[in-house]
Amino acid sequence: MLELLQLLVDGLLDGGVYALLGLGLSLTFGCLKRLNLAYGATAMLAAYIGVWCHLRYEASIAVVAIIIVVAATFIGWYVEQLCFSRSDDPGFQSAVGAQDRLFMTDNGEMVALASSFAIWMQLEQLAVNLLPRHLNPFPSMPIESSWMIGGIAIRQDRLLLTLLAAVISTGISLWLLHTRAGLSWRAASDHRTAAYLVGIPVVQLQTIGFILASALSGIASFAVLSLDGQVTPMFGMWVLFKGLVAAMLGGLGSMLGVLRGGLLLGVVESFSQSLLGAQGREFATYALLLLVLILPRHSDSGRRASWGIRI
Amino acid sequence: MLEITQLATSYGKIEALRGVSLSAKAGEVTCLLGPNGAGKSTLMLTLSGILKPQHGSVKFEGEELIGKTPAEIVSRGMALVPENRLVFPALTVRENLMAGAYRRRDTNGIRSDIDAMFHRFSRLKEREAQLAGTLSGGEQQMLAVARALMSRPRLLLMDEPSVGLAPLVVAEIFFIIQQLHSEGVSIFLVEQNAHMAMKVAQHFYLMEQGSVSFSGNSGELAEDDLIQRAYLGQQRKT
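What counts and how
- Residues numbered from 1 in each chain as written.
- Chains lettered and ligands numbered in written order.
- Predicted model: local features only at pLDDT ≥ 70, side-chain atom pairs only at ≥ 80, totals over all residues.
- Heavy atoms only, no water.
- Axes fitted to C-alpha atoms, helices over the stretch in contact; angles between N-to-C directions.
- Helix = DSSP H or I, 4+ residues; strand = E, 2+ residues; numbered from the N terminus.
- Parallel < 35°, antiparallel > 145°, perpendicular 65-115°, else oblique.
- Contact = heavy atoms within 4.5 Å.
- Nonpolar A, V, L, I, M, F, W, Y, C, P; charged D, E, K, R; others polar.
- Phe/Tyr/Trp six-rings, centres within 6.5 Å; stacked < 30°, edge-to-face > 60°.
- Buried < 20%, exposed > 50% of the residue type's maximum accessible area, 1.4 Å probe, protein only.
- Pairing = 2+ DSSP bridges.
- Patch = residues over 30% accessible without salt bridge, like charges linked within 9 Å, V, L, I, M, F, W, Y side chains within 5 Å.
- Areas by Shrake-Rupley, 256 points an atom, 1.4 Å probe, with all protein chains shown as cover.
- Salt bridge = Lys/Arg side-chain N within 4 Å of Asp/Glu carboxyl O.
- Buried area = accessible area lost by both parts, 1.4 Å probe.
- Polar contact = N/O pair within 3.5 Å; in protein donor to acceptor, adjacent residues only side chain to side chain.
- Left-handed = near helix turned anticlockwise from the far one by under 90°.
- Expected span 1.5 Å × (residues − 1).

1. Focus on the packing of helix H8 (residues 180–190) of chain A against helix H10 (residues 202–228) of chain A
Residue and element names in this part refer to chain A.
Part 1 of the reasoning: Where H8 contacts H10, the axes come no closer than 10 Å and their chain directions differ by 105°. One element, H8, and the other, H10, form an angle in the roughly perpendicular class. Residue-level contacts link Ser184, Trp185 and Ala188 of H8 to Val202, Leu205, Ile208, Gly209 and Leu212 of H10.
Part 2 of the reasoning: Among the residues forming the contact of H8 with H10, the class breakdown is 6 nonpolar, 2 polar and no charged.

Shown next as structure tokens:
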């Protein structure tokens with residue numbers, strides 16, 4: 001019994017990390033309805049730049065943190081301008097008409113997906129060229145200790161990350177719900193043409209949202225790496241996969257959903273690892289993802305089936 | 001109040017507006033009639049800054065609007081109730097109204113205007129916390145009108161507010177148009193329902209294939225042979 005409980009706790013705490021990784025992806029999707037495949041590579045290149053400054057100029061851990069977040073922000077801006085910037089005619093939606101739109105493939109979506117894939121490769125290669133070694137030390141603030149509560153070990157570093165994810169996602173949710181800017185964000189994501197008509201600067205909001213999400217990837221990667229103490233070229237891929245699964249389980253675009261999705265993913269991984277081993281864990285993860293995608297989607301309110309940004 | 005000259009808008013190679021000239025006077029309800037595909041909605045979207053015209057001019061209270069963003073146009077006092085309503089389906093009724101006031105900064109004024117909207121459209125009050133996507137067509141139309149009014153426009157553009165609605169609801173919409181007119185809001189109305197439009201509008205234009213083919217008041221409209229046949233039907237002759 002205690003073992004099962006320990007598995008659950010470990011799973012939840014790992015899940016908090018996944019949620020942290022998925023937040024930015026979910027935010028981008030909510031704002032733009034576009035999947036940013038370069039998300040993990042953005043986090044990785046930013047981390048590599050931070051590590052490079054640390055190795056070269058012995059930048060302290062606080063400076064590295066700032067460098068990573070700033071770098072992620074700029075890389076995000078670069079990705080947005082290249083792949084996602086939509087200067088399309090705002091009247092397009094209404095001019096083409098609702099019926100026609102159902103049968104039209106949205107070319108922009110494919111272009112954004114394909115080009116963000118290309119940028120993923122580009123950013124990752126840049127990072128590897130910057131630091132060619134496989135394993136690079138990351139300035140760490142190791143929190144090795146665990147709390148023992150009733151025979152259950154709670155790793156403090158994981159708990160910290162989980163709390164960070166919870167705070168950020170709750171913060172964004174509250175902001176979306178209760179501020180004027182949050183409302184305009186939801187409106188722009190809900191209906192572009194209508195948002196233009198009431199005077200919301202849709203394109204600017206989307207750019208800002210994208211860049212903020214990229215900054216989040218910087219925060220997440222610093223938090224995770226500083227506790228791990230090292231970074232490898234697999235980091236970008238790992239961020240994208242875990243983040244994407246967490247965000248999809250929770251419903252892309254949903255801010256609290258990604259928290260639920262991350263925790264679910266962590267628990268499933270933890271149990272399947274112990275029951276089926278490492279390969280079984282991967283199998284269970286993707287089986288879970290498949291199940292969620294196949295099952296009819298009913299979201300929080302039951303009727304709100306929008307893909308837009310939401311709580 | 002609104003002066004449109006030689007306005008031309010295209011979708012790629014398709015010319016939707018081919019040099020449209022018309023005007024709307026302050027304090028009047030101006031109505032634009034025309035068949036589907038004549039370019040009426042294109043005109044409305046061009047006026048609101050959503051579509052960019054190839055050439056031509058739109059002057060609102062003497063100021064050129066071409067080249068201005070939709071946001072700047074809303075701030076200057078012109079708001080559109082779009083075709084098919086286009087409410088924000090995933091926002092609540094109250095949030096839709098707040099979004100309509102996006103360009104305003106006077107928090108207290110916005111709050112009292114929302115109350116005024118709920119007073120005017122009592123059914124919206126009952127649905128205040130409901131998602132707009134769950135409202136009936138008539139309620140969504142009311143909401144679209146209320147949302148546009150939240151920007152305190154001096155000129156309200158309305159694109160086929162009666163389309164797809166039950167006769168009783170259509171009557172309600174036109175009652176609201178009359179009410180707004182008597183309160184001093186100028187209205188530029190696009191309609192297919194010529195009978196109803198004749199009850200509220202003072203001046204009429206007819207648009208066909210991207211250009212204006214008739215201009216006159218309701219008396220002249222009733223006299224015009226072509227319009228009689230096409231828009232008012234045979235029953236008026238008997």
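2. Concerning the packing of aromatic side chains
Residue and element names in this part refer to chain A.
Part 1 of the reasoning: In the structure shown here, the tally under the stated rule is 7 aromatic pairs over all chains.
Part 2 of the reasoning: Both rings, one in Trp52 and one in Tyr57, keep their centres 6.0 Å apart while their planes meet at 85°; by these two values the pair is edge-to-face.
Part 3 of the reasoning: Using a relative accessible area of 59% as the deciding quantity, one classes Tyr57 as exposed.
Part 4 of the reasoning: For the ring pair Trp175 and Trp185, a centre distance of 5.2 Å and an interplane angle of 65° mean the geometry is edge-to-face. Placement of Trp175 in helix H7 (residues 156–178) and of Trp185 in helix H8 is noted, with a sequence separation of 10 residues between them.

3. A word on the pairing of strand E3 (residues 152–155) of chain A
Part 1 of the reasoning: What you see with E3 of chain A is a clean split: Ile152 and Ile154 of chain A sit on the buried side and Ala153 and Arg155 of chain A on the side with no burial.
Part 2 of the reasoning: Connecting strand E2 (residues 146–149) of chain A to the antiparallel partner E3 of chain A that follows it, the hairpin turn spans 2 residues, and Gly150 of chain A within it adopts a positive phi of roughly 55°.

4. Quick look at a nonpolar patch on the surface
Part 1 of the reasoning: A surface patch of nonpolar side chains, amounting to about 560 Å² of accessible area, comprises Met1, Leu2, Leu4, Leu5, Leu8 and Leu12 of chain A.
Part 2 of the reasoning: Leu8 of chain A gets classed as partly exposed once you look at its relative accessible area, which sits at 32%.

5. Structural notes on the interface of chain A and chain B
Part 1 of the reasoning: Tallying the contact residues gives 24 residues for chain A and 28 residues for chain B.
Part 2 of the reasoning: With both chains or domains summed, chain A and chain B bury close to 2,300 Å², and 69% of this area falls on carbon and sulfur atoms.
Part 3 of the reasoning: Across the chain A-chain B interface, the total number found is 1 salt bridge.
Part 4 of the reasoning: Across the pair Glu95 of chain B and Arg186 of chain A runs a salt bridge, and its minimum N-O distance is 3.0 Å.
Part 5 of the reasoning: Summed over the shared surface of chain A and chain B, the result is 4 residue pairs in polar contact (both at pLDDT 80 or more).
Part 6 of the reasoning: Of all elements in the fold, only helix H4 (92–96), H8 and helix H9 (192–197) of chain A reach the threshold of two or more residues within the side of chain A that touches chain B.
Part 7 of the reasoning: It is H8 of chain A that contributes the most residues to the side of chain A that touches chain B, 6 residues altogether.
Part 8 of the reasoning: Its residues placed into classes, the side of chain A that touches chain B shows 11 nonpolar, 7 polar and 6 charged.

6. Comments concerning the pairing of strand E2 (residues 14–24) of chain B
All names here are of chain B.
Part 1 of the reasoning: Pairing between strand E1 (residues 2–11) and E2: 8 bridges, direction antiparallel. Following the sheet pairing, Thr9 is matched in E2 by Leu17.
Part 2 of the reasoning: In this structure, the hairpin formed by E1 and E2 is closed by a connection of 2 residues, where Gly12 is found at a positive phi of approximately 60°.

7. A look at the packing of helix H2 (residues 39–57) of chain A against H10 of chain A
Residue and element names in this part refer to chain A.
Part 1 of the reasoning: The N-to-C vectors of H2 and H10 enclose an angle of 60°; their axes lie 9 Å apart at closest approach. One finds that H2 runs oblique with respect to H10. The crossing of H2 and H10 is right-handed. The segment H2 lies against H10, with Tyr39, Thr42, Ala43 and Ala47 engaging Ala213, Ser214, Leu216, Ser217, Ser221 and Leu225.
Part 2 of the reasoning: Classifying every residue of the contact of H2 with H10 gives 6 nonpolar, 4 polar and no charged.

8. What about the sheet that holds E2 of chain B?
Part 1 of the reasoning: The antiparallel open sheet is built from 4 strands, whose spatial order is E2-E1-E4-E5 (chain B). Because the sheet does not close on itself, it has two edges, and the strands there are E2 and strand E5 (63–64) of chain B.

9. Observations concerning H2 of chain A
Count 3.6 residues to each turn of an α-helix, and residues three or four apart come out pointing the same way.
Part 1 of the reasoning: Its 19 residues give H2 of chain A an end-to-end C-alpha distance of 27 Å, which sits within 8% of 27 Å, the value for a rise of 1.5 Å per residue.
Part 2 of the reasoning: Just downstream of H2 of chain A, Glu58 of chain A is the residue with a positive phi angle, here 50°.

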